[in-house]
Amino acid sequence: MIFVLLLAACTAGTDKLGDTAPLGCLDVGADVSAGSSGFDELDRPIWLEMPEGSEQIMVHGPQGGWHILGAADVRHAGDIVTLQYAITWPARDVRLSYGSFKVMLVPHDDGCGGTYAGMLGVLDVSDVKSGTDDTPPELLAGETLLVTMDAEDLSGRIAHDEVSVIAALDPADMDTAEAQ
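Since the model is a prediction, treat every value here as computed from it, not as a measurement. (Residues numbered from 1 in each chain as written. Predicted model: local features only at pLDDT ≥ 70, side-chain atom pairs only at ≥ 80, totals over all residues. Heavy atoms only, no water.)

A. Inspection of the nonpolar core at higher detail. Of all hydrophobic cores here, the largest spans 33 residues; its most connected members are V74, L83, L96, L123, L140, L145 and M149. Breaking this core down by element, the ones donating at least two residues are β1 (31–39), β4 (66–75), β5 (80–89), β6 (94–104), α3 (136–140), β9 (144–153) and β10 (158–169). Top element by residues in this core is β5. It accounts for five residues. In this structure, L83 is in contact with A72, V74, G99, S100, F101, V103, Y116, M119, M149, D150 and A151, ignoring residues within four places of it in sequence. (Core = buried A, V, L, I, M, F, W, Y, C linked by side-chain atoms within 4.5 Å. Buried < 20%, exposed > 50% of the residue type's maximum accessible area, 1.4 Å probe, protein only. Helix = DSSP H or I, 4+ residues; strand = E, 2+ residues; numbered from the N terminus. Contact = heavy atoms within 4.5 Å.)

B. Just the state of the cysteines, in detail. Applying the stated criterion to the full structure yields one disulfide. Between the sulfur of C25 and that of C112 lies a disulfide, 2.1 Å long from S to S. An S-S torsion of about 90° defines the bridge between C25 and C112 as right-handed. Placement of the pair is C25 in the loop between α2 (16–20) and β1 and C112 in the loop between β7 (106–107) and β8 (114–122), with a sequence separation of 87 residues. Relative accessible area serves as the criterion here: at 24%, C25 is assigned to the partly exposed category. (Disulfide = S-S within 2.5 Å.)

C. Representation of the environment of G35. One can find G35 in strand β1. When the C-alpha atoms of G35 and V163 are compared, they prove to be 8.8 Å apart, with 128 residues separating the residues in sequence. Not counting residues up to four positions away in its chain, the partners in contact with G35 are W47, L48, M50, L69, G70 and A71.

D. Structural context of the side chain of H67. Mapped onto the fold, H67 is located in strand β4. Assessed through its relative accessible area of 13%, H67 is described here as buried.

E. Up close: the pairing of β5. Summarising the sheet, β5 and β6 pair through ten bridges and their orientation is antiparallel. When the sheet's bridge partners are listed, A86 is paired in β6 with Y98. Hairpin connection of β5 to β6: four residues between the antiparallel strands, including D93 at a positive phi of 50°. Summarising the sheet, β5 and β9 pair through eight bridges and their orientation is antiparallel. Each residue of the ladder has a partner; that of T82, found in β9, is E152. (Pairing = 2+ DSSP bridges.)

What follows is the structure in structure tokens.
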């Protein structure tokens, strides 16, 4: 018994391993970064940075609608997440796009989170159309939009990001605008 007490007294307050052990992936709060989507050399969607104030193209889709490509870079979260991707037009206080995606992330090399790319933020301007101006290129070109990305993993870790961007015309719409 005396030996146990002496051993306890000698080791009290000297837990060096606990003080220097690195934090694990899930030992810190989750983080998400809203991004854009590009494509790698195999034509797979990838996450690209979406800097504050950057121009983001309103892609004129093959079925006649317009969208802004979105992606998420999630850190310190499980590999399955629900992503909520929204686009609003602050000047008119209107939400133009909303999507909820339950996905498995493409893991980062360090195994701590991952990315998901290829989300379509379909732009719905039906609540703000005015006369003959009834398409995203006519209403939104050059306007500041707010992109938000929320992430939640299966354990309830949550993260939020928002970025203000400028709506830019698709090259196909530039040709049409110049012809008018």
